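# A look at the structure
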Amino acid sequence: MHRTLLLMLLGAGLQLAPAHATQAWKRAKPFPEASAAAKNAAQAVIHEAGSEECLRGKLSNAIVQLSNSCDVSGLSSSVCDLASDIAGRELELDVAEMLSTSETLLQMLGDGASAR
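This write-up is about the structure you can find in this document. Once a new chain begins, its residue numbering starts again from 1 and follows that chain's sequence as written. Only residues with pLDDT of at least 70 are given local features in this predicted model, and only at 80 or more are side-chain atom pairs given and counted; all residues enter the totals for whole chains, interfaces and linings. Working from all heavy atoms in the structure, the side-chain values ignore hydrogens and water.

### Points about the overall build of the protein chain
The secondary structure content of the protein chain amounts to six helices and zero strands. Along the protein chain, helices (α) and strands (β) appear in the sequence α-α-α-α-α-α when read from the amino end. In the protein chain, which comprises 116 residues, the proportion classed as buried is 28%. Note on contacts: a residue pair qualifies if any of its non-hydrogen atoms lie within 4.5 Å across the two residues. The contacts of the protein chain with a sequence gap of at least 6 include a subset with a gap of at least 24, amounting to 71%. Helix and strand definitions follow DSSP, with helices as H or I runs of at least four residues and strands as E runs of at least two, each counted in order from the N terminus. Think of it in three bands: residues with accessible area under 20% of the maximum for their type are buried, residues over 50% are exposed, and the middle band is partly exposed, with areas taken using a 1.4 Å probe on protein chains only.

This is the structure we're talking about:
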């Protein structure tokens, strides 16, 4: 399934059939890798390193990966809660939300927020 379509379906609250969901869980990145991707995406947003749509997609994908990583690993932290909340939203982030989310992610991940 195309990644953008998958994100749109998941963002709309639709659930995948168990076979597809199982495959998606198998592709979850380890927390350190997912958090590094979230940091990179957040920095790109803050530094306006791309078009609005490109940055929105990069940040959204990184947040979904981070949320999946937390879920699959059974991790719990403020950054996992934030990622889960944002990944479950029906509407995409506007520019101001992208910026504030990026700043918050960098603060949480930069402060050594560890998942437990």
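### Side note on the packing of helix H3 (residues 31-46) against helix H4 (residues 52-73)
Direction vectors running N to C along H3 and H4 enclose 160 degrees, while the axes themselves pass 8 Å from each other. By the angle between their axes, H3 is roughly antiparallel relative to H4. Between H3 and H4 lies a crossing of left-handed hand. Packed against H3, whose contacting residues are Phe31, Ala34, Ser35, Ala37, Ala38, Asn40, Ala41, Ala42, Ala44 and Val45, the element H4 presents Leu55, Lys58, Leu59, Ala62, Gln65, Leu66, Ser69 and Cys70 at the interface. Every axis corresponds to a line fitted to the C-alpha atoms, with the helix fit spanning only the stretch in contact, and the corresponding angles, defined between N-to-C directions, vary from 0 to 180 degrees. Oblique is the label for any angle not under 35 degrees, not over 145, and not in the 65 to 115 range, which are roughly parallel, roughly antiparallel and roughly perpendicular in turn. We call a crossing left-handed when the near helix sits turned anticlockwise from the far one by less than a right angle, and right-handed when that turn is clockwise.

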